[in-house]
Amino acid sequence: MADSTDSARPGPRRPGVLLAAAGGVLATLVGMAVGHLVASITDPAASPVLGVGSTVIDLTPTPVKEWAVANFGTADKPILIGSVLVVTLLLSAAIGVVAARRLRLGLALLVALAVVAGVLVLLRPTSGPLDVVPAVATAVVGAAALWWFLRAASGLPLRPARTHGGSGSHDVMDDATPGTTSGGATRRGVLIATGVLAAAAAVSGAVGQWVTVARTRIGNIALPKPVDADPPLPDGLDIDGISPFRTPNDEFYRVDVNLSVPVVDHESWTLTVDGDVENELTITFDELLEMDMVERDITMTCVSNDVGGQYVGAARWLGVPLTDILDRAGVGDRADQLLSTAVDGFTISTPLDVATDGRDALVVVGMNGEPLPRDHGFPVRMIIPGIYGYVGSTKWLTKLTLTTYADDVAYWTERDWATDAPVKISSRIDVPKSGAEVDAGEVVIAGVAWAQTRGIAKVEIQIDGGAWTEVELGADAGVDYWRQWFYRWQVDEPGRHSFTVRATDVDGEVQTDVQMRPFPEGSSGLHTRAVMVA
Ligand SMILES: Nc1nc2c(c(=O)[nH]1)N[C@H]1C(S)=C(S)[C@@H](COP(=O)(O)O)O[C@H]1N2
Ligand SMILES: [Mo]
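Here the structure is a predicted model, which means the values were calculated and not measured.

Caption draft 1: The sheet that holds strand 11 (residues 397–403), seen in detail. Spatially, the 5 strands line up as an open sheet ordered 3-2-11-6-7, and their pairing is mixed. With one partner strand each, in any of the chains shown, strand 3 (281–284) and strand 7 (347–351) form the two edges of the open sheet. Each adjacent strand pair in this sheet contributes to an overall mean axis angle of 15 degrees, direction not counted. When strand 2 (residues 270–275) meets strand 3, the two strands line up antiparallel, connected through 4 bridges. By the bridge assignment, T270 is partnered in strand 3 with T284. Against the sheet, helix 9 (residues 322–329) touches strand 2, strand 3, strand 6 (337–342) and strand 11, its axis set at about 60 degrees to strand 2.

Written as structure tokens, this is what we have:
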């Protein structure tokens, strides 16, 4: 009793460092998986790992975020979640080691870890009290799993014997019955505990994921016919590797600050128009569908798109002209900013004069003939041609506020991105791929070019630093839509060759060769590629 060093006597043994660390990791995994399962039923965004990840996103300084987007591209989200997981599991391993020595301290640390996650989840702007439940589940299950695993690793029976009731100080070793713990029993106990916990983690995680997917499927929604639609999209160029003239929904780039997409029920969704208006109004989804809809072909670009990058897509959008909605509310004369808010509290600000200058600014419900996918803002988003997404294309829209730049600052503006960001004239080479080996003879170089609200008039190519040569353009689907282009290049000389593309808009402005990075108002410079001719 007085001597608790147990090396000399038979009975419970202190698990080795590796085993204890493994127990910490396993216990946390089970806890998180159960938290994920609970969150799938309450609110998927409240899953502990996602909650921590989202907070990390919001707190990340702009330069770091820029660096991450530049280096990881669209993989930035999985990499972020992966990093949060790695850090969490390293902490869990340490907690396991602590718990093997001082059980209560270890369990308390594990609970503290879950509490931190819970607090971060609760700090999210849209979280409700229910969002604490997944973290509580994580804490309880994680602590229980750790306690149980350490029992097994100490050579104690997996089911505590009832005969020992009443021992005041609770230690893993309390239920020890000297003599029952051979090395074989320990190993078997550890194997069983490991198997049970791993299976529990896998099953809870998988069921949670399945429930989330099932609950977020969009049912049948009959979209209205537009009263005014662009003519059918002309055929695009049939060239191997060129961007399709219309980007299919599941290939459309996705950029947002959300780790898990907000799940919005369209039947309870509303759009409020408030601020400097004559009559504040609130519109339901059905009321929105009853308004006159138009359908427009518009190319969208993200400000984070690097020269030659993939953050650009072109689709046919079905929606209500933004000005029809603003007119219903009656805009006052003080506002200079249209502040749009998403269901998760994310905000975007658009210069009011840009939003209302006659361009096809839309409150959108349909994308390429289907309801908006959740990734792209279901049930309702904005699309404003000619400015980057972060200043006009609010997804999961729920509020439009007429305000001033003096009074309100939106998410990205607060992080020092430009308040007004027109899309720059851009062109991109799609084929051949960078560093490709091609045969001498005819090589088709092709790609896309865009200058929304102005339109592309001309695309030129420069081979090996020579003269600029005009290329052929694909069909014209309006000034807000990109144009495909191609050039049949005759090349006989083997070796390395490079080519550069530039576009000119309808106003005669030539794409600049001045290189700028995306921050703070969009990249510029010319796209160049090199190939090896055999
Ligand atoms: N609610 C919300 N809307 C948002 C964003 C966001 O993070 N949250 N990101 C914006 C940015 S930066 C861009 S480029 C576009 C991207 O739209 P997409 O994902 O449908 O391509 O959405 C915009 N709308
Ligand atoms: Mo963006």
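Caption draft 2: Focus on the domain arrangement of the chain. Segmenting the chain into domains produces domain 1 (11–163 + 172–216), domain 2 (249–415) and domain 3 (426–533). Residue-level contacts link 24 residues of domain 2 with 18 residues of domain 3. In this assembly, domain 2 packs against domain 3 so that about 1600 Å² is buried in total across both faces, 55% of it on carbon and sulfur atoms. Considering only the side of domain 2, the residues that lose the most area to domain 3 are D297, T299 and V307, jointly responsible for 30% of the buried surface there. Run the count over domain 2 and domain 3 and you get 0 salt bridges. Counting across the interface, domain 2 meets domain 3 through 6 residue pairs in polar contact (both at pLDDT 80 or more). Contributing elements (two or more residues each) for the side of domain 2 that touches domain 3: strand 4 (294–301) and strand 5 (312–321).

Caption draft 3: Structural context of a nonpolar patch on the surface. Together, L122, L130, V132, V133, V136 and V140 line one region of the surface with nonpolar side chains, adding up to about 460 Å² of accessible area. Counting residues per element, the nonpolar patch draws most heavily on helix 6 (residues 133–153), at 3 residues. Within the secondary structure, V132 is located in the loop between helix 5 (103–123) and helix 6.

Cut-offs and rules
- Residues numbered from 1 in each chain as written.
- Chains lettered and ligands numbered in written order.
- Predicted model: local features only at pLDDT ≥ 70, side-chain atom pairs only at ≥ 80, totals over all residues.
- Heavy atoms only, no water.
- Pairing = 2+ DSSP bridges.
- Helix = DSSP H or I, 4+ residues; strand = E, 2+ residues; numbered from the N terminus.
- Axes fitted to C-alpha atoms, helices over the stretch in contact; angles between N-to-C directions.
- Contact = heavy atoms within 4.5 Å.
- Domains from an automatic or database assignment.
- Buried area = accessible area lost by both parts, 1.4 Å probe.
- Salt bridge = Lys/Arg side-chain N within 4 Å of Asp/Glu carboxyl O.
- Polar contact = N/O pair within 3.5 Å; in protein donor to acceptor, adjacent residues only side chain to side chain.
- Patch = residues over 30% accessible without salt bridge, like charges linked within 9 Å, V, L, I, M, F, W, Y side chains within 5 Å.
- Areas by Shrake-Rupley, 256 points an atom, 1.4 Å probe, with all protein chains shown as cover.

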